[in-house]
Every structure is written in structure tokens, then in C-alpha cells.
Amino acid sequence: MLSFIGRSIIQKIITLFFVMVISFLIIHLAPGEPSQVDPLNPKFTPEMVERFRKAFHLDEPLHVQFVYFYRDLFTGKTISWKDNEPVLKKIGERFLNSLPLFIVATILIWTLAFPIGVRSAIVRGGAYDRLATFFSYLLYSIPGFFFAYILILLIVNAFHVPVIGMKTFGLTDVSLLRTGMDRVWHLVLPSVLEATVGIAVLSRYVRSQMLEVEGQDYVRTARAKGLPPEQVHYKHALRNALLPFVTMFGLMLPGLIGGSVIIESIFSWPGIGRMAYEAILSRDYPIILSINFISAVLVLIGTFISDILYMVVDPRIRL
Amino acid sequence: MTKTDNKALFRDTGAEEGPRAPRESRLREFWRLLRRNRLAFSGLAIFVFFFFVAFSGLVLTSGTRPVFDPAIVRLQEKLRPPLSEPNLANLLPKEIPTLGVYLFGTDDLGRDVFARMLQGAWVSLTVGFVAVGIAVLIGIGMGGISGYFGRNPVRVDHILLAFIVSLGGGLLIGGAFFAGGVLLLIGSTYILFSLWRKKWSGKQSAQKLLRLLHKDTISIDTLIMRIVDIMLCFPVFFLILTVVALLPASMYNIMIVIGLTSWMGTTRFVRAELLSLREQDFVTAAKALGVSDWRIIFRHMIPNAMAPVLVSATIGIASAILIEAGLSFLGFGVPPPHATWGNILSDGKRFIFDAPWLTFIPGFAILIVVLAFNLFGEGLRDILNPKLRERY
């Protein structure tokens, strides 16, 4: 166990290093330079471009830039090129905005996908199962931006509530209940949209896991000795079908920072995804690279946690 | 059992040997199973229909005098609803839509949405197929090497060589022609040198330097799987968005970038299949016959490993179409005069309350095509995998 942990930590650090190198190269070898973003701006004289290049080490060779950049990132000194704010502080603020979306979406996914999946495995082949299957394909295939507009049309026409942004602008001096409901209405649509694909995928996965377990001998034994079906399904089968989902707690981790770019842009939600999109538009390399780095770290930590969890819950796995 | 069935049983066996299992070609069996799976069958039907629409769209909307011109601007006819008659008094003869009505209405510049949808269908189709083609090629190559040669170790000199060649190539592209050329030259000399050594001097050389260079490091399998791990660390849509935004806008860049970021699944499938196929007798037989390694991989093993690749490719096309639509929606897609389903929707979203058809027509088109590919892919998974097949 200990040797597995040690080995996998070393492996993950090496992987992380390559991710750092590759993302840095992708950004810096692409045509164009950040100092030439706005060549038509009359305020941008050649001297200013020179000063800019010097201030951000852009006149150094690539490997020196690489060292400078990651040294600054690890000591928390990296600043955004757009507004000179510290990158980590900006990401932290935006992260707090994305967090409610993530939490609500995760709760939706886990509370909806499991009942749907388990139920359609139990009544497999029936009308409910086929309907659930078709709807999960439908949700999986629908483009998020299109679904967003359908829902906006429906909600706005039916309830006459504003849905764009995090809260209604200028809504002051009203009761706490009003503002609270306002926040909830703004939260509902984007989090439902972020959950759609997750619900579709997870419910299919639950169904297939459940089907696999239901086909095993010990379930047949349980049924043969006359246990009531509820006990067979929910006590014998479901408990074992749940095993692989324990690992999903680890795999959820990268979702913390990977707020959906498209959904957050549609709803003008000032989260991580939207910040990433704005950073790409303005070629704000420190932010792009930092988000990339943090999400790679989260992916690695997530897979590590899920490996460990799997070993803990399933004694058959020995790595 | 009827008489004809009996005949089929005795076919080409000679009656004296007795009945055998009915011979059924793989394609016929596939077709029969597909017909039973209604969702997958309708998926295939829509897929074929979409294919024809996209091809005719390419033919009918390109050229100097296209049948349906997606680029004609009729400002006096903007935002007309679907199936509305054009106002002939206001139009020049060449501005009159070919069908006589605006089948799908017009957009905010008075362009015919039907013609634009036709043009966009081709973009979706090619992006889907080319991106997945690239991904499958890389996946089969990497997975094939990893599954077949996986146990072979990577030697120190291989790593040095790869490093030198890639550095040389990078310098050459970066503009340092002399240094890059020298490095490439060193690399190719070393390749020739090692080929020569392999061919003409079988004896093990005992020099210290060479022994150091020939030290084994990790196996090829580990190397390729670590590369897959590295690629899986990137947030995919964000990476695609970054690269597409940095590169000049063009359809080819999008295809290549989507292809280069989605080969990991195929690699894993092919590797897993080859690892189990490698131990089977027909591979040993082929080796005993002296068939070359690459021929064994591509002629004997890959065809047997195709089932999961086909399934993941079909579903991959669906997700590539979705990614392209998403990129177009964000404004990073194919550059503007050319219509794609994503940018028709993105242009139309400003008029969602006045002209909902500009959102709903492309949206439903994307939804139906993606759904068709997903359903067909899932059906394919059930059909090609005998274990998942329902007993009948």
C-alpha cells in the first residue's frame, strides 16, 4: 500500500511536469505575441511594447520564461497581464462564484441519476426502461447552448423571472426573502444545464452496473431462498453495484474548476469558465496557464483519491 | 421446419456429412440484429439521410453560381418566418429563392436559412469525420504499438534520439536553421549507424558508452500509457478553445485540434484488445509462418479489435459535431461568411423572442444528428459484442 502510494505520487509529479511543459509550449509557440494584441491602439508605442516585454520577461528565451512563470506561480506572485491583479486571487474569487453551481449540479446529478438508473435496471426492457434510455440519450446529445435557450424561453415566458447573471441588478431595499428567491431563480437554470449530461451519463452507468450485479449467482440465490424483491434489489444487489461509484468522488474533483465555458457565457455567470473564456480572448497567458495547471493538479489528485478509495472499499483490489 | 430451411442447412456441406449450423455471413447477421434494435436502426437511417443532405449541400451551395446561394443578402426581406412567400416586387431576379418560398425563413440579413443550413451540414459532417479519422488513426497506431510491442523496453539512446530529433525539428521551425539542421543530421546519422550495426555486426559490442546508451529504461507500454495519462490531464474543451483561439481561424485547424485531443480512448481500447489477442493461437501461427510484425498487427490483429473502435468512433463523431457547434457558438468556429449550424444559432440567439426559428432550426438539426450518431453507436456496441446480445 505504502509503496503504491509512493510510486503513484512520483508518477503523478512527473506527469504534472510534462503537462506544465506542454501547456507552456502550446501557448508560447502559437503564432502571435501577447505584446501585439492591440497593434492599432495609438497608446501602444514601441517603447511601451518594449517595456511590457521586459516587465513580463517576454524578451528572454523560452526555457527561462518557463522557470520564471512557474516560480511566480508557486510563490503566488503571478499577475494577470490584463489588469495586474494577482492571478490566484482572481481565480479564488471566480471559484467562489462557480462553487454554488457546482454544488447544486452535483446534488442534482447524484440524486436523480441513481433512482433512475436503479429503477430502469430492475424493470429492464419495460416501457420505463426504454423511456429512460431514450431520454438519457436525448439529454446527452442536446447541445448545451441550445438547451439553455429552450429553458430560458420556457422559464421566462412561464414565470416572468429574470435568469441572466447571478442576481437581478439594482434589486436593493427589498426583503431578504425576495433577494433569496431571486438568487435561487438565477441559480436554477445554469445548474440544471450543467447537470444534464452528468445525469444522462451517470444514470446509464448505474443501470449497467446494476444489471451486471443482478445477473450474478448470489442475487439468484437470494431470490431463490424467498427474500422479498425489495430486499434482493436494494440490499443485496445495490450495495455491490455501488462499489465503482465510490471512486467517482475522486473523479468529481476536477469539476470544481472546470466550470462550463458555454453555460457561464450564456448566463453571464462570473465563474471560472467565463474567466477562462475572457482570458483566451484577451490572450492573458498567466490566467490560461494557471487554470490549466490547477485543473491538471485536480485531475491527478482526483485519480489518486479514487485509486485509494477503490482499494479501501474493495478488498479484492490489490495494487 | 420448412423445406427451404432444410436446404439451407445442407448447403455446401454435402448431404452425407449431415446437417451443420446454418451459414450466415457476418454482414447479414449484423443487418438482422440491427433491424431488431429499433433505436439504432433509426439512428442509422438518420445518419444516411444526413450524409446525403451534407453532400448535396456541398454541391448545391458551392461554386460561382450555386443553386442555393447562402450568401445573398436581402435587407428588405429580413427575419421572415419559415414557409413565407418572398415579396417579389422588392427582389431582383437573382435574389428570388430557388424554391419560391423561404423554407426555413430568413435571418437578420435576409439570407435564406435553408441554404445556410445546407452549407453548414457539410461542415458538421467533415469536422466529425475528419476529426474522428485523425483520432482513430493515432489511437490505432499508439494502441497497436503499445499492445503488441509493449514489453519491449525503451533504451536510453531511443530517448536521446527522440529528444534530438524533436529539438532539431523545433529549432528548424523556430527559425534557427543551422542548429536545427545539425541536430537533425546527427539524429539521422545515428539512425543509419544503428541500422548498420543491426544488419552487419551481430556481435555484442562491449564498449562502455554503448552499453550505457543501450540501458533499458521503461517499457514502450508504460511510455505510451503515461502519454495518455498526460493528455487526460488537460481540460479538453478548454484546451481546444485555447488552441483554436490562438491559431488562425479555419475549418482544418478545428478538425486537427479536435482529432489530436480525442485519441486517448481509442488507444486504450486497441491496447486492451491487442493484449488479449497477442496470446491467441492465430497470432502464434502467423509468427511461425514468418509474417512480419506490422503485417500481423494491421492485417491479423486490428481487424479483430475493430468492434470497440467502431463504437467509440461513432460516438466520437457525435461529440466532435457537438464540440464544433460549441466552438462556432462561441465565435471560434469556421470564419463568418461560411455558415455552420453553430454560428447560425449563435447569430440567431439575439432574436430569440422575435425569430425563434433561427435558434430552433439549427438547434434541432444538431440535436437530431448527434442523437442519431449516439443511438447508432450504442446499438453497434450491442450488436458487435456477442456477450451483450440478448438471447433469442
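Residues numbered from 1 in each chain as written. Chains lettered and ligands numbered in written order. Predicted model: local features only at pLDDT ≥ 70, side-chain atom pairs only at ≥ 80, totals over all residues. Heavy atoms only, no water.

Asker: It is not clear to me how the overall build of chain A should be interpreted in this structure. Could you clarify?
Answerer: A tally of helices and strands in chain A yields 14 helices and zero strands. Along chain A, helices and strands appear, N-terminal first, in the series α-α-α-α-α-α-α-α-α-α-α-α-α-α. The globule rule puts the C-alpha radius of gyration for 319 residues at 20 Å, and the 25 Å found for chain A is more than 25% above it. Seen through its principal axes, chain A has C-alpha atoms that stretch 85 × 60 × 35 Å. Per-residue burial over chain A gives 44% buried out of 319 residues. (Helix = DSSP H or I, 4+ residues; strand = E, 2+ residues; numbered from the N terminus. Rg over C-alpha atoms; globule rule 2.2 N^0.38 Å. Buried < 20%, exposed > 50% of the residue type's maximum accessible area, 1.4 Å probe, protein only.)

Asker: Help me understand the overall build of chain B, please; the structure alone is not making it clear to me.
Answerer: The helix and strand inventory of chain B stands at 16 helices and two strands. Split into buried and exposed, the 392 residues of chain B put 43% on the buried side. Long-range pairs, those at least 24 residues apart, make up 70% of the contacts in chain B between residues at least 6 apart in sequence. (Contact = heavy atoms within 4.5 Å.)

Asker: I would appreciate a short explanation of the packing of aromatic side chains in the present structure.
Answerer: Two aromatic rings, taken as a pair, are described by how far apart their centres are and by the angle between their planes. Tallied over the entire structure, the rule returns 37 aromatic pairs over all chains. With a centroid separation of 4.9 Å and an interplanar angle of 85°, the aromatic rings of Phe 69 of chain A and Tyr 70 of chain A are classed as edge-to-face. Here the aromatic cluster, defined as three or more aromatic residues joined through ring pairs, consists of Phe 47, Phe 50, Phe 51, Phe 55, Trp 122, Phe 129, Trp 341, Phe 373 and Phe 376 of chain B. A cation over an aromatic ring shows up here: Arg 35 of chain B above the ring of Phe 41 of chain B, its NZ or CZ 5.9 Å from the ring centre. (Phe/Tyr/Trp six-rings, centres within 6.5 Å; stacked < 30°, edge-to-face > 60°. Lys NZ or Arg CZ within 6 Å of the ring centre and 35° of its normal.)

Asker: How do you make sense of the pattern of salt bridges when you look at a structure like this?
Answerer: Oppositely charged side chains may form a pair once their charged atoms are brought near each other. Residue and element names in this part refer to chain A. The final tally for this structure, using the stated rule, is 17 salt bridges over all chains. Between Glu 85 and Lys 89 there is a salt bridge, and its shortest N-O distance comes to 3.1 Å. Relative accessible area serves as the criterion here: at 29%, Glu 85 is assigned to the partly exposed category. (Salt bridge = Lys/Arg side-chain N within 4 Å of Asp/Glu carboxyl O.)

Asker: How should the packing of helix H6 (residues 144-159) of chain A against helix H16 (residues 357-384) of chain B be read in this particular structure?
Answerer: In helix packing, the relevant descriptors are the interaxial angle and the interaxial distance, both defined with respect to the helix axes. In contact at an axis separation of 10 Å, H6 of chain A and H16 of chain B are set at 135° when each is read in the N-to-C sense. The pairing of H6 of chain A with H16 of chain B is recorded here as oblique in orientation. Viewed along their axes, H6 of chain A and H16 of chain B form a crossing whose handedness is left-handed. Contact residues: H6 of chain A offers Phe 145, Phe 146, Tyr 149, Ile 150 and Leu 153 of chain A, while H16 of chain B offers Thr 359, Phe 360, Gly 363, Phe 364 and Ile 366 of chain B. Partitioned by chemical class, the residues of the contact of H6 of chain A with H16 of chain B number eight nonpolar, two polar and no charged. (Axes fitted to C-alpha atoms, helices over the stretch in contact; angles between N-to-C directions. Parallel < 35°, antiparallel > 145°, perpendicular 65-115°, else oblique. Left-handed = near helix turned anticlockwise from the far one by under 90°. Nonpolar A, V, L, I, M, F, W, Y, C, P; charged D, E, K, R; others polar.)

Asker: When you look at a nonpolar patch on the surface in this model, what are you seeing that I'm missing?
Answerer: A contiguous nonpolar patch, built from Ile 10, Ile 14, Phe 17 and Phe 18 of chain A and spanning about 390 Å² of accessible area, is present on the exposed surface. Here Phe 18 of chain A lies in helix H1 (residues 2-29). (Patch = residues over 30% accessible without salt bridge, like charges linked within 9 Å, V, L, I, M, F, W, Y side chains within 5 Å. Areas by Shrake-Rupley, 256 points an atom, 1.4 Å probe, with all protein chains shown as cover.)

Asker: How do you make sense of the nonpolar core when you look at a structure like this?
Answerer: Nonpolar side chains in soluble globular proteins tend to end up buried together. Counting 143 residues, the largest nonpolar core has Tyr 70, Phe 145, Ile 266 and Phe 267 of chain A together with Trp 341 of chain B as the members making the most contacts within it. With near-sequence residues (within four places) excluded, Phe 145 of chain A lies in contact with Ile 262 and Ile 266 of chain A together with Ala 325, Gly 326, Phe 329, Leu 345 and Ile 366 of chain B. Of all hydrophobic cores here, the second largest spans 21 residues; its members include Leu 202, Ala 222, Leu 238 and Ala 241 of chain A. (Core = buried A, V, L, I, M, F, W, Y, C linked by side-chain atoms within 4.5 Å.)

Asker: Looking at this model, I keep getting lost on the interface of chain A and chain B. Mind explaining?
Answerer: Accessible area lost upon the coming together of the parts is a frequently used measure of interface size. Across the boundary between the two partners, chain A contributes 42 residues, which contact 41 residues of chain B. Of the roughly 3700 Å² buried between chain A and chain B, counting both surfaces, carbon and sulfur atoms make up 84%. Applying the counting criterion to the chain A and chain B interface returns zero salt bridges. Seen at the junction of chain A and chain B, the total is four residue pairs in polar contact (both at pLDDT 80 or more). Sorting the residues of the side of chain A that touches chain B by element identifies H1, helix H5 (127-141), H6, helix H12 (261-266), helix H13 (272-281) and helix H14 (285-313) of chain A as the ones contributing at least two each. A per-class count over the side of chain A that touches chain B returns 32 nonpolar, eight polar and two charged. (Buried area = accessible area lost by both parts, 1.4 Å probe. Polar contact = N/O pair within 3.5 Å; in protein donor to acceptor, adjacent residues only side chain to side chain.)

Asker: Quick question: what am I supposed to make of the packing of helix H11 (residues 264-277) of chain B against helix H14 (residues 306-330) of chain B here?
Answerer: Residue and element names in this part refer to chain B. One way to put it is that H11 packs onto H14 with a least axis distance of 9 Å and a crossing angle of 170°. Taken as axis vectors, H11 and H14 run roughly antiparallel relative to one another. Here Thr 266, Phe 269, Val 270 and Glu 273 of H11 lie close against H14, whose contacting residues are Pro 308, Val 309 and Ser 312. Among the residues forming the contact of H11 with H14, the class breakdown is four nonpolar, two polar and one charged.

Asker: Can you help me understand the confidence of the model for chain B in this one?
Answerer: Low-pLDDT portions of the prediction should not be read for the details of their coordinates. A residue-level look at chain B finds 88% of positions with pLDDT of 70 or above and a mean pLDDT of 81. Note on the complex model: pTM 0.85, ipTM 0.86. (pLDDT = per-residue confidence, 0-100.)

Asker: Honestly, unusual backbone geometry in this entry has me stumped. Any pointers?
Answerer: Backbone geometry follows two general trends: most residues other than glycine have a negative phi, and most peptide bonds adopt the trans configuration. Residues and elements named next belong to chain A. Phi at Ser 268 is positive, roughly 50°, even though this residue is not glycine. The backbone of Arg 283 shows a phi angle near 50°, a positive value even though the residue is not glycine. As for its position among the elements, Arg 283 is in the loop between H13 and H14. For Arg 283, a relative accessible area of 17% corresponds to the buried category.

Asker: Quick question: what am I supposed to make of the environment of Gln 65 of chain A here?
Answerer: Residue and element names in this part refer to chain A. Take Gln 65: it is sitting in helix H3 (residues 62-74). By relative accessible area, which is 10% here, Gln 65 ends up buried. In the structure, Gln 65 is positioned 37 residues away from His 28 in sequence and 9.8 Å away in space, judged by C-alpha atoms. Those residues in contact with Gln 65 that sit more than four places away from it in its chain are Phe 24, His 28, His 57, Leu 58 and Glu 60. Within the structure, Gln 65 has its side chain in polar contact with the side chain of His 28 (distance 3.4 Å).

Asker: I keep staring at H3 of chain A and nothing clicks. Help me out?
Answerer: It helps to recall that an α-helix has 3.6 residues per turn; residues three or four apart then point in one direction. Residues and elements named next belong to chain A. Taking 1.5 Å of rise per residue, 13 residues should cover 18 Å, and H3 covers 18 Å from first to last C-alpha, within 8% of that figure. All buried positions along H3 are accounted for by Gln 65, Phe 66, Phe 69, Tyr 70, Asp 72 and Leu 73. Axial view of H3: buried residues confined to an arc of 155°, hence all on one face. Turned more than 90 degrees from where H3 packs its buried face, His 63, Val 67 and Phe 74 sit exposed. Taken together, the buried residues of H3 touch H1, helix H4 (87-122) and H14. Just downstream of H3, Gly 76 is the residue with a positive phi angle, here 75°. (Expected span 1.5 Å × (residues − 1). Arc of directions from axis to C-beta.)

Asker: Which parts of the structure should I look at to understand helix H4 (residues 113-148) of chain B?
Answerer: Residues and elements named next belong to chain B. Helix length check: H4, at 36 residues, gives a terminal C-alpha distance of 51 Å against a target of 52 Å (1.5 Å per residue), a fit within 8%. Of all 36 residues making up H4, 27 are buried, and the element is well covered by its neighbours. Sitting at the head of H4, Asp 112 places a side-chain oxygen 3.2 Å from the backbone nitrogen of Phe 114.

Asker: What is the right way to look at the environment of Val 219 of chain A in this model?
Answerer: Residues and elements named next belong to chain A. Here Val 219 is to be found in helix H8 (residues 217-224). It is 6.7 Å that separates the C-alpha atoms of Val 219 and Val 232, two residues lying 13 residues apart in sequence. In this structure, Val 219 is in contact with Val 213, Glu 214, Val 232 and Ala 237, ignoring residues within four places of it in sequence.

Asker: Honestly, the environment of Glu 85 of chain B in this entry has me stumped. Any pointers?
Answerer: Residue and element names in this part refer to chain B. As for its placement among the helices and strands, Glu 85 is situated in the loop between helix H3 (38-61) and H4. With 16 residues separating them in the primary sequence, Glu 85 and Val 101 have C-alpha atoms 4.8 Å apart. The contacts of Glu 85, once residues within four sequence positions are left out, are Arg 80, Gly 100 and Val 101.

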